Amino acid sequence: MKRLSVLLLCLTIGAASFAQENEHSFLVVPRLEANPYIGGDQTFDLGNSSLYTLFEGELGEHFSYSVMNHWLSSDPGALYANTLRSDDSNWLDWAYVTAHLGNFELSAGKQGIRLGAVEQDDYDFDVCYNLSSTLWNNLHTYNWGLALGFTNDEEDTYIEAQVTTSPFGEYNNSGLFSYSLFWSGEYEFFNPLWSVNVMDCYDYFSPNSKSQIYNFSLGNLFSFDDVEFYIDWVARSYSLKHILKEEMSLIGAIKYYINDQFDVMLKGGWEFNRSGKDVFGYVEEDEFGLPDLSGFVPTSLALLDKDYLFGGLLLNYYPLEDSQDLRLHAALAANNFSNSFSVSLGATYYLDLFDFLQQ
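These figures come from a predicted structure and were not determined experimentally.

1. Brief notes about the pairing of strand E7 (residues 142–151)
In the case of a regular strand, side chains alternate between the two sheet surfaces.
And step 1. Summarising the sheet, strand E6 (residues 104–112) and E7 pair through nine bridges and their orientation is antiparallel. For Gln111, the partnering residue across the bridge sits in E7 and is Asn143.
And step 2. Direction of pairing for E7 relative to strand E8 (residues 157–165): antiparallel, over a ladder of seven bridges. In the strand pairing of E8, Thr151 is matched with Tyr158.

2. A look at the pairing of strand E16 (residues 326–335)
And step 1. Burial along E16 is one-sided: the face carrying Arg327, His329, Ala331, Ala333 and Asn335 is buried and the face carrying Leu326, Leu328, Ala330, Leu332 and Ala334 is not.
And step 2. Across eight bridges, the pairing between strand E15 (residues 308–317) and E16 is antiparallel. Within the sheet, the bridge partner assigned to Leu313 lies in E16 and is Leu332.
And step 3. Pairing between E16 and strand E17 (residues 341–349): nine bridges, direction antiparallel. Each bridged residue has a counterpart across the sheet, and for Ala330 the counterpart in E17 is Leu345.
And step 4. Between E16 and the antiparallel strand that follows it, E17, lie five residues; Asn339 among them carries a positive phi value of about 55°.

3. Overview of the environment of Arg236
And step 1. Its location among the elements puts Arg236 in strand E12 (residues 227–237).
And step 2. Judged by its relative accessible area of 1%, Arg236 falls in the buried class.
And step 3. Sequence-wise, Arg236 and Asn215 are 21 residues apart; in three dimensions their C-alpha atoms are separated by 4.3 Å.
And step 4. At 2.8 Å, the side chain of Arg236 forms a polar contact with the side chain of Ser249.

4. Here's the deal with the packing of aromatic side chains
Centre distance and the angle of the planes are the two values used to describe a pair of aromatic rings.
And step 1. As enumerated under the stated definition, the model contains 23 aromatic pairs in all.
And step 2. Here Phe55 and Tyr65 contribute two aromatic rings whose centre-to-centre distance is 5.2 Å and whose plane-to-plane angle is 70°, an arrangement assigned as edge-to-face. Taken together, the residues Phe55 in strand E3 (residues 50–58) and Tyr65 in strand E4 (residues 63–72) connect sequence positions ten residues apart.
And step 3. Accessibility expressed as a relative area gives 10% for Tyr65, which makes it buried.

5. A few points about empty space enclosed by the protein
And step 1. One pass over the full model with this rule turns up one cavity of 30 Å³ or more.
And step 2. Space inside the largest cavity adds up to approximately 40 Å³.
And step 3. Lining the largest cavity, in full, are Thr134, Leu135, Asn138, Arg236, Glu247, Asp278, Phe280, Gly281, Thr299, Ser300 and Leu301.
And step 4. A per-element tally of the lining of the largest cavity places helix H3 (residues 134–138) first, with three residues.
And step 5. Class assignment of the residues belonging to the lining of the largest cavity gives a composition of three nonpolar, five polar and three charged.

6. Brief notes about the environment of Asp325
And step 1. If you trace the backbone, Asp325 turns up in the loop between E15 and E16.
And step 2. Residue class for Asp325 comes out partly exposed when judged on its relative accessible area of 34%.
And step 3. Distance from Asp325 to Ile254, taken between C-alpha atoms, is 23 Å for residues 71 residues apart in sequence.

7. Considerations on the nonpolar core
And step 1. By size, the foremost hydrophobic cluster in this structure holds 22 residues, and its most contacted members are Leu131, Tyr230, Tyr308 and Leu314.
And step 2. At the level of secondary structure, the elements contributing two or more residues to this core comprise strand E13 (247–257), E15 and E16.
And step 3. Sort the elements by how many residues they give to this core and E15 lands first, with three residues.
And step 4. The contacts of Tyr230, once residues within four sequence positions are left out, are Val118, Glu119, Asn220, Leu221, Ile251, Gly252, Ala253 and Lys267.

8. A short note on the pattern of salt bridges
And step 1. As enumerated under the stated definition, the model contains ten salt bridges in all.
And step 2. Between Arg85 and Glu170 there is a salt bridge, and its shortest N-O distance comes to 3.3 Å. Placement of Arg85 in the loop between helix H2 (76–81) and strand E5 (92–101) and of Glu170 in the loop between E8 and strand E9 (177–185) is noted, with a sequence separation of 85 residues between them.
And step 3. With its nearest N and O atoms 3.1 Å apart, the salt bridge here joins Arg236 to Glu247. A residue pair is termed long-range when its members are at least 10 positions apart, and Arg236 in strand E12 and Glu247 in strand E13 qualify at eleven residues. Accessibility assignment for this pair places Arg236 and Glu247 in one class, buried.
And step 4. Among the charged side chains, a network of salt bridges with common partners joins Arg85, Asp87 and Glu170.

9. Details of the side chain of Glu105
And step 1. Structurally, the position occupied by Glu105 is in strand E6.
And step 2. One buried charge, Glu105, has no salt-bridge partner; the nearest side chain with opposite charge is Arg114, at 5.7 Å.
And step 3. At 3.1 Å, the side chain of Glu105 forms a polar contact with the side chain of Tyr158.
And step 4. Once residues lying within four places of it in the same chain are set aside, the contact partners of Glu105 are Thr98, Ala99, His100, Ala147, Leu148, Gly149 and Tyr158.

Calculation notes
- Every chain is numbered independently, its residues counted from 1 as its sequence is written.
- Reporting of local features is limited, given that this is a predicted model, to residues whose pLDDT is at least 70; pairs of side-chain atoms are given and counted only at 80 or more, and all residues count toward the totals for whole chains, interfaces and linings.
- Where side-chain values are given, they derive from all heavy atoms of the structure, hydrogens and water being excluded.
- Two strands are counted as paired when DSSP detects at least two bridges linking them.
- Secondary structure elements are taken from DSSP: a helix is a run of H or I of four residues or more, a strand is a run of E of two residues or more, and numbering for both begins at the N terminus.
- Relative accessibility decides the category of a residue: with a 1.4 Å probe and only protein chains considered, values under 20% of the type maximum give buried, values over 50% give exposed, and everything between is partly exposed.
- Nitrogen and oxygen atoms within 3.5 Å of one another constitute a polar contact, given that in protein one can donate a hydrogen and the other can accept it, and given that sequence-neighbouring residues count only through two side-chain atoms.
- Put simply, two rings from Phe, Tyr or Trp (the six-membered ring, in Trp's case) pair if the centres are within 6.5 Å, and we call them stacked under 30 degrees between planes, edge-to-face over 60, tilted for the rest.
- A 1.4 Å probe that fits into a set of points on a 1 Å grid over the protein atoms alone but cannot get out defines a cavity; an open set with protein on both sides within 12 Å along at least five of seven lines defines a pocket, and lining residues are those with an atom within 4 Å of a point.
- Grid points are joined across faces, edges and corners, and a volume is the space filled by probe spheres set on the points.
- Charged residues are taken to be Asp, Glu, Lys and Arg, nonpolar residues to be Ala, Val, Leu, Ile, Met, Phe, Trp, Tyr, Cys and Pro, and polar residues to be all remaining types, Gly included.
- By nonpolar core we mean a set of buried residues, namely Ala, Val, Leu, Ile, Met, Phe, Trp, Tyr and Cys, connected to one another through side-chain atoms within 4.5 Å.
- Two residues form a contact once any of their heavy atoms are found within 4.5 Å.
- Each salt bridge in this description consists of a side-chain nitrogen of Lys or Arg and a carboxyl oxygen of Asp or Glu lying within 4 Å of one another.
- In this tally Asp and Glu are treated as negative and Lys and Arg as positive; neither His nor the chain ends contributes.

See below:
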């Protein structure tokens with residue numbers, strides 16, 4: 001912990017000095033969460049308690065950068081043990097530089113795989129794990145790669161082609177890659193986030209041979225004054241021929257902004273696996289080598305003998321006058337896997353150090 005404090009202090013001093021000559025932001029986001037359970041085998045955990053920093057800005061006229069660090073979590077040891085892995089989270093979510101060349105932009109570095117779904121679009125520090133799909137919980141989307149993007153003259157349409165290392169290779173040098181084609185837009189009240197993804201993986205029945213996972217994601221966000229809602233449809237399969245017959249997620253949410261201090265969201269989803277072959281999840285084993293079914297969210301839809309249903313309610317409150325730097329939240333989640341209720345109570349603070357130091 002002492003080393004982490006010293007590192008963050010050095011980053012803060014260096015970033016503040018750097019920002020004097022450039023346009024940048026350095027956001028520090030601590031989140032503390034208590035998550036008791038009602039019913040089932042679980043009793044309590046720390047949920048999405050975490051510490052993040054987001055450092056981003058411009059490097060001259062034609063370059064920009066973004067770096068997201070995940071310094072602490074409810075299981076901090078895993079963040080640092082996984083540094084070189086491509087199939088799990090670690091202390092560096094992303095770090096990339098973008099060259100802006102007219103309507104085109106070229107990004108290089110560690111970045112999020114372009115999976116077209118509104119649920120995937122939120123910052124991780126804003127997410128309640130137990131109110132999210134198995135898709136969000138089980139698929140690791142941060143990997144090293146290149147992306148070429150295009151924005152039209154009206155700046156309402158964005159298209160990107162991306163190549164990264166695959167989230168199904170154990171390490172970054174696995175030789176497995178992920179290929180993505182992504183489209184997003186801002187058309188009055190409609191904001192699409194759609195993608196086609198092909199991800200290299202090891203063959204399900206022959207682990208020494210390579211195979212592919214095909215994924216189609218259609219995220220659709222609709223915004224009307226104080227109300228917004230979205231519908232995500234995601235289908236994935238080991239065979240393009242069976243893309244609609246293997247594993248699928250349908251996720252929806254409606255959010256109402258009551259006023260500047262309160263908003264409330266109702267969210268739910270339906271997910272299923274028809275083949276018995278796990279696609280985007282993983283099978284954890286207990287001490288006896290059997291599938292571990294003790295968690296709140298299943299790690300694999302293939303473990304279930306029924307369709308997976310989940311849902312719940314999230315309330316956010318911003319108590320500071322004329323500011324949303326502090327957010328208090330309460331969330332209630334339930335599903336038909338754990339047969340229990342999750343109650344999340346927490347606080348998140350968004351501190352922009354550059355603004356703070358300039359006051």
